[in-house]
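Below are the chains, spelled out letter by letter.
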Amino acid sequence: MATFTAAPVADAVSSVPSGTAASPPRRAFVAQIMGLPMSVHVRGPRAQADAVAEVVASAFDELRTDEAMFSIWRPDSPVSRIRDGRDQLSEAHPRIRHVAGLCELAGQRTGGAFSAWLPDVAGTLRFEPTGLVKGWAVSEAFAGLRRRLAGMGAHDVLFNAGGDIVVACSRTDTPDWSIAIEDPRDRSRLLRTLRLRTGAVATSGTAARGRHITDPATGTQAAGLLSATVIGPELTWADVYATAAFVKGPTGLGWLATLAGHVGVLVSLDGRVSSVAA
């Protein structure tokens, strides 16, 4: 998991104004969506204005809409209806069919280490796009948020979705965002600290939820690493590639080296940290 080290994230829905005379105003907004704490941090001249709060609220609402559509834990969601055969993917909402297409592309890009068709407890393949949906939905909401903020002046934005982070800076008078990668063996310790102005960081691993990532080739839980972190230009693909690298295990480092524009940090079962640069 990655963490934004400059400010803590609250556990409940809130907004926290901040800023000093020596820096542009800054404000953080936090909500619980998709079962995760999600926070938006805005730096810029109107960060504390009601208009900014409104566009952030719109971004959160977009994510809630995607949550209702894609959730596999809500028995009557559109994706749940596809999973149990009540509805057909070919007749689904265009947004679901678009995600299914991205999942197919992800499978091709990762050599099958990522798939949206995974076995249930009985071994039946079910549509499960959750491994891509969060990163993609946050990327979509983030892009919309940036478009709306552009009309209010130059603002920097950081979006933290339960430890997967995307950032963009429109200002030239602000420092880089500081993002830390946690040690999966002890989440109070940090393995690396990154400084980003534009890009995304995503981690797949055991620290938060134990072993929960399925290897599509075997139908069993991947167990070759403690964590895999990928830094890249887009959260959608950083998230997919982190999942695939975790599934690939120790061989994931060599595979990540083939991905132009991406950096990888893997933690082996004995705690050894390996990294590959772009």
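Above this text you will find the structure in question.
A few points on the structure. (Residues numbered from 1 in each chain as written. Predicted model: local features only at pLDDT ≥ 70, side-chain atom pairs only at ≥ 80, totals over all residues. Heavy atoms only, no water.)

1. Re the packing of helix H3 (residues 94-109) against helix H5 (residues 235-248)
Their axes nearest at 11 Å, the elements H3 and H5 cross at an angle of 50°. Judged by the inter-axis angle, H3 sits oblique to H5. The interaxial crossing formed by H3 with H5 has right-handed handedness. From H3, Leu102, Leu105, Ala106 and Arg109 reach across to H5, where they touch Trp237, Val240 and Tyr241. In terms of residue class, the contact of H3 with H5 is built from six nonpolar, no polar and one charged. (Axes fitted to C-alpha atoms, helices over the stretch in contact; angles between N-to-C directions. Helix = DSSP H or I, 4+ residues; strand = E, 2+ residues; numbered from the N terminus. Parallel < 35°, antiparallel > 145°, perpendicular 65-115°, else oblique. Left-handed = near helix turned anticlockwise from the far one by under 90°. Contact = heavy atoms within 4.5 Å. Nonpolar A, V, L, I, M, F, W, Y, C, P; charged D, E, K, R; others polar.)

2. Structural notes on the pattern of salt bridges
Under the counting rule described, the total for this entry stands at 18 salt bridges. Across the pair Arg43 and Asp156 runs a salt bridge whose closest N-O atoms are separated by 2.9 Å. A residue pair is termed long-range when its members are at least 10 positions apart, and Arg43 in strand E4 (residues 36-43) and Asp156 in strand E7 (residues 156-161) qualify at 113 residues. The two residues Arg43 and Asp156 agree in class, both being buried. One salt bridge in this structure joins Arg171 and Asp173, with 2.8 Å as the shortest N-O distance. By sharing partners, the salt bridges in this structure join Asp76, Arg81, Asp84, Arg86 and Asp87 into a single network. (Salt bridge = Lys/Arg side-chain N within 4 Å of Asp/Glu carboxyl O. Buried < 20%, exposed > 50% of the residue type's maximum accessible area, 1.4 Å probe, protein only.)

3. With respect to H3
What sets the pattern is the α-helix's 3.6 residues per turn: residues three or four places apart point alike. With 16 residues, H3 extends 22 Å from end C-alpha to end C-alpha; this agrees with the ideal 22 Å at 1.5 Å per step. Listed as buried for H3 are Ile96, Val99, Ala100, Leu102, Cys103, Ala106 and Gly107. Down the axis of H3, the sector holding all buried residues measures 160°, keeping them to one side. Every exposed residue of H3 that faces more than 90 degrees away from the buried side is listed here: Pro94, Glu104 and Gln108. In this structure, the buried residues of H3 make contact with helix H1 (50-70), helix H2 (78-83), strand E6 (125-127), helix H4 (130-150) and H5. (Expected span 1.5 Å × (residues − 1). Arc of directions from axis to C-beta.)

4. Here we look at the nonpolar core
A general tendency of soluble globular proteins is for nonpolar side chains to be buried together. Counting residues in each nonpolar core, the largest one holds 66 residues, and the members touching the most others are Phe60, Leu63, Leu132 and Phe159. For this core, the element with the most residues is H5, which contributes 10 residues. Those residues in contact with Leu132 that sit more than four places away from it in its chain are Val99, Leu102, Cys103, Ala106, Phe114, Thr236 and Val240. (Core = buried A, V, L, I, M, F, W, Y, C linked by side-chain atoms within 4.5 Å.)

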